[in-house]
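One-letter residues, chain by chain:
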Amino acid sequence: QKEVEQNSGPLSVPEGAIASLNCTYSDRGSQSFFWYRQYSGKSPELIMSIYSNGDKEDGRFTAQLNKASQYVSLLIRDSQPSDSATYLCAVIYNQGGKLIFGQGTELSVKP
Amino acid sequence: DAGVTQSPTHLIKTRGQQVTLRCSPKSGHDTVSWYQQALGQGPQFIFQYYEEEERQRGNFPDRFSGHQFPNYSSELNVNALLLGDSALYLCASSGTGAWGNTIYFGEGSWLTVV
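These notes cover the structure that comes with them.

Definitions and cut-offs
- Residues numbered from 1 in each chain as written.
- Chains lettered and ligands numbered in written order.
- Predicted model: local features only at pLDDT ≥ 70, side-chain atom pairs only at ≥ 80, totals over all residues.
- Heavy atoms only, no water.
- Phe/Tyr/Trp six-rings, centres within 6.5 Å; stacked < 30°, edge-to-face > 60°.
- Buried < 20%, exposed > 50% of the residue type's maximum accessible area, 1.4 Å probe, protein only.
- Helix = DSSP H or I, 4+ residues; strand = E, 2+ residues; numbered from the N terminus.
- Core = buried A, V, L, I, M, F, W, Y, C linked by side-chain atoms within 4.5 Å.
- Contact = heavy atoms within 4.5 Å.
- Polar contact = N/O pair within 3.5 Å; in protein donor to acceptor, adjacent residues only side chain to side chain.

A short note on the packing of aromatic side chains
Geometrically, a pair of aromatic rings is defined through the distance of the ring centres and the angle of the planes.
And step 1. Tallied over the full model, the rule gives ten aromatic pairs over all chains.
And step 2. Residues Tyr25(A) and Phe33(A) carry aromatic rings whose centres are separated by 4.8 Å and whose planes lie at 45 degrees to one another, so their mutual orientation is tilted.
And step 3. You can call Phe33(A) buried: its relative accessible area is 1%.
And step 4. With 6.0 Å between their ring centres and 90 degrees between their planes, Phe101(A) and Tyr35(B) make a pair best called edge-to-face. Linking Phe101(A) in strand β10 (residues 100-101) with Tyr35(B) in strand β4 (residues 31-37), this pair reaches from one chain into another.

See below:
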């Protein structure tokens, strides 16, 4: 069983819509949760981190964490074509530990 | 302030050869991790170096080895290259005990094995 799972997509949304990206993880001991954005041919860029249950908002991005359900999501409001990228969910189990990534969800925002 | 720098950016090797990839961490960071990202997959953890020692290792064969120097820079060595080693190799740097919000990735080294 994969430790971090995401729908691979592609997820296609029209410009201006809300994009919803989902991720589940298997280890209840997971401590920290992250969303990275990766443009084609580029390295991952951290866009959101979340550590406690609930919502965390940063501009057009909202990360949601539910530890009981072992579920983390990313909402992108007012999606723009420039948001088209692969979004990677990652978790860390312990301080200083390794990042464990999902396989990524490809998002396409159509003008 | 320079970020994480990696070299070379692209390289092509033949099966059976050896390759060395290099990484300089962000200023102030002392921990370097290496990840392999195959096409269409998420990055996979190879190993982590701290204080010039391998602190953690992922599920990679011992053909993959590394080193960290006193200035915190690091090398990733892969011996006896296989076609399946073709991937983007990412270096990540962080401070001691970082929970991840200060983990920075370099731009990566694209390795093609033919």
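Remarks on the nonpolar core
And step 1. The biggest cluster of nonpolar side chains holds 25 residues, and the ones touching the most others in it are Trp35(A), Val72(A), Leu74(A), Ile76(A) and Tyr87(A).
And step 2. Elements that contribute at least two residues to this core include exactly β3 (19-25), β4 (32-38), β5 (45-50), β7 (61-66), β8 (71-76), β9 (85-92) and β11 (105-110) of chain A.
And step 3. Judged by nonpolar contacts, the second largest core, of 20 residues, contains Ile46(B), Phe47(B), Leu111(B) and Val113(B).

Notes on the environment of Thr31(B)
Residues and elements named next belong to chain B.
And step 1. Positionally, Thr-31 belongs in strand β4.
And step 2. Owing to a relative accessible area of 1%, Thr-31 belongs among the buried residues under this scheme.
And step 3. Remark: the alpha-carbon pair of Thr-31 and Arg-15, spanning 16 residues in sequence, is separated by 31 Å.
And step 4. Aside from chain neighbours lying at most four places away, what touches Thr-31 is Gln-48, Tyr-49, Tyr-50, Arg-55, Ala-92, Ser-93, Ser-94, Gly-95 and Thr-96.
And step 5. Separated by 3.0 Å, the side chains of Thr-31 and Asp-30 make a polar contact.

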